[in-house]
Amino acid sequence: MLSSGTSLVDSHCHLDFPDFNDDLPEVVDRAITHGVTRMVTIATSLSAEPVARTLADTYTPVFFAVGTHPHRVAQAPMATVDELLQVAQHPKMVAIGESGLDYHYTRDLAALQETSLRIHAEAARLSGLPLIIHARDADTDMARILADEHCKGTFDCVMHCFSSSAELADAAIELGFYLSMSGIVTFRNSGPLRSIFARVPSDRILVETDAPYLAPVPYRGKRNEPARTVHTAAVGAQLHGMSLDEFAALTTRNFDRLFAKANTRSIAA
C-alpha cells in the first residue's frame, strides 16, 4: 500500500461505461482511499463526450479525454479536427483520443483508422494536448504514421496500455513519447512485456487501469477500477528497483508533465 501523502494517477479508464452505472460514487471514493487522486476517463466517440464531461464536472478527481476509438471509426461519425478542438476548450478536457490502429479485430478498417489517427494527431498539434494512442497488432504502420505525423509538427503522446513489441516501444521513446503500463504487466505470461518496461526510461512511464478491463493480479477476470492502479504500480516499482512510494511519485510527475492541463487544478480528496 502507498504511504500516507503519496498518490497515484490512473491515466486511462472508462468510467462512463455501463459497468459503473450502479456504484460510480463508491468507485471514485475507493480510488481516493487507495491513493489514486486523479483519473482520466476516456470517451471513445464524440457521442460519448457529454457523459465524460459530466463525470469530470461532477467528480473533482476526474478529468476526461475524447476521441474516436479505432474500433468505432465505421460505427460512429469520425471526429473532425474542428470538433476535437472545440471540445478541448473545456478546462478538464486534458487529452485527444484514444485513437490509433487495431488490426487484431478490425484489420479491414485499416484505411479508416489511419485517416482518423491523422485527424487526432493534427488536433493534438493544434491544441497542445497530448495524444492518446491505442495500438494492437499494427506495429509497423503505427511507427510509420506516428513518425510521419511528428515530422509535420511535434506533439506529445502516450502509448496507452502498451503491450506491443520492443521495436514499437523504441520508436515511441525515440519520438519523445510515453508508454503506459496496465494490469497486463502483472499477468504470469507477460514476462516479455515486463522486460520492455524494465528498460523504458523511468521518466517516460505512466500507469493506468483501462477499467473496467484488464484487472491486475490478484483481481484478474473481475471488473477493474481505478483503485487497482496500485497493483500495476507495484510491479513497475520492482522492475525499476524502487519502492512503491518512489515509483508512484515518479509516475505522478510524469503524468503532470505530459497532462499539464490536469496539473493546473487543485485536487482535493
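Residues numbered from 1 in each chain as written. Predicted model: local features only at pLDDT ≥ 70, side-chain atom pairs only at ≥ 80, totals over all residues. Heavy atoms only, no water.

Asker: So, the overall build of the protein: which residues are in play, and what are the values?
Answerer: Helix and strand counts for the protein stand at 10 helices and eight strands. For a compact globule of 269 residues, the expected C-alpha radius of gyration is about 18 Å, and the protein comes in at 17 Å, within 12% of that figure. Its C-alpha atoms put the protein at 45 × 40 × 35 Å along the principal axes. Here the protein holds 269 residues, and 56% of them are scored as buried. (Helix = DSSP H or I, 4+ residues; strand = E, 2+ residues; numbered from the N terminus. Rg over C-alpha atoms; globule rule 2.2 N^0.38 Å. Buried < 20%, exposed > 50% of the residue type's maximum accessible area, 1.4 Å probe, protein only.)

Asker: So, the confidence of the model for the protein: which residues are in play, and what are the values?
Answerer: Do not read the predicted coordinates in detail wherever pLDDT is low. Looking at the protein, pLDDT values average 96 and 98% of them are 70 or higher. For residues 265–269, every residue scores under 50 in pLDDT, and the model assigns this stretch 11 contacts once sequence neighbours within four places are set aside. (pLDDT = per-residue confidence, 0-100. Contact = heavy atoms within 4.5 Å.)

Asker: Help me get a handle on the state of the cysteines, residues and values and all.
Answerer: For the coordinates displayed, the defined rule picks out zero disulfides. The thiol of cysteine 157 is unpaired, and the distance to the nearest cysteine sulfur, on cysteine 161, comes to 14 Å. With no disulfide of its own, cysteine 161 lies closest to cysteine 13 among cysteine sulfurs, the gap being 13 Å. (Disulfide = S-S within 2.5 Å.)

Asker: How would you sum up the sheet that holds strand 4 (residues 93–102)? Please name residues and give values.
Answerer: Taken in spatial order, the eight strands line up as 1-2-3-4-5-6-7-8 in an open sheet, and their pairing is parallel. Of all strands in the sheet, those bounded by a partner on one side alone are strand 1 (8–13) and strand 8 (205–207). Each adjacent strand pair in this sheet contributes to an overall mean axis angle of 30°, direction not counted. The sheet contact formed by strand 6 (residues 157–159) and strand 7 (residues 178–181) spans two bridges and is parallel. (Pairing = 2+ DSSP bridges. Axes fitted to C-alpha atoms, helices over the stretch in contact; angles between N-to-C directions.)

Asker: Account for the environment of glycine 67, naming residues and giving values.
Answerer: One can find glycine 67 in the loop between strand 3 (62–66) and helix 3 (81–87). Between the C-alpha atoms of glycine 67 and isoleucine 119, which are 52 residues apart in sequence, the distance is 9.9 Å. Apart from the residues lying within four places of it in its own chain, the contact partners of glycine 67 are Ala43, Thr44, Ser45, Leu84, Gly97, Glu98 and His120.

Asker: Can you explain the pairing of strand 3? Please cite residues and give values.
Answerer: Counting buried positions along strand 3 yields five of five residues, so the element is predominantly enclosed. Residues Val62, Phe64 and Val66 point to one face of strand 3 and Phe63 and Ala65 to the other, with burial holding for every one of them. Of the strand pairs in this sheet, strand 2 (residues 36–43) and strand 3 are connected by five bridges, and their pairing is parallel. Following the sheet pairing, threonine 41 is matched in strand 3 by phenylalanine 64. With helix 2 (residues 49–58) bridging strand 2 and the parallel strand 3, this β-α-β connection has right-handed handedness. In the sheet, strand 3 pairs with strand 4 via three bridges, with the strands oriented parallel. Within strand 4, the residue paired with phenylalanine 64 across the bridge is methionine 93. (Right-handed = clockwise from strand over helix to strand, strands pointing away.)

Asker: Talk me through the packing of helix 5 (residues 110–127) against helix 6 (residues 139–152); I want residue IDs and the actual numbers.
Answerer: In helix packing, the relevant descriptors are the interaxial angle and the interaxial distance, both defined with respect to the helix axes. Two numbers describe how helix 5 lies on helix 6: the axes approach to 10 Å, and their chain directions differ by 35°. As helix 5 runs across helix 6, the sense of the crossing is right-handed. Here Glu114, Leu117, Arg118, Ala121 and Arg125 of helix 5 come into contact with helix 6, specifically with Met142, Arg144, Ile145, Asp148, Glu149 and Lys152. Looking at the contact of helix 5 with helix 6 residue by residue, the class counts come to four nonpolar, no polar and seven charged. (Left-handed = near helix turned anticlockwise from the far one by under 90°. Nonpolar A, V, L, I, M, F, W, Y, C, P; charged D, E, K, R; others polar.)

Asker: For the packing of aromatic side chains, give the residues involved together with the corresponding values.
Answerer: Taken as a whole and judged by the stated rule, the model has four aromatic pairs. The positively charged end of arginine 228 is found above the aromatic ring belonging to tyrosine 219, 3.7 Å away from the centroid. (Phe/Tyr/Trp six-rings, centres within 6.5 Å; stacked < 30°, edge-to-face > 60°. Lys NZ or Arg CZ within 6 Å of the ring centre and 35° of its normal.)

Asker: Could you give an account of the pairing of strand 4, with specific residues and numbers?
Answerer: With respect to burial, strand 4 is a largely interior element, 10 of its 10 residues being buried. Across five bridges, strand 4 lies against strand 5 (residues 131–136) in parallel orientation. From the neighbouring strand, serine 99 faces strand 5, where its bridge partner is isoleucine 133.

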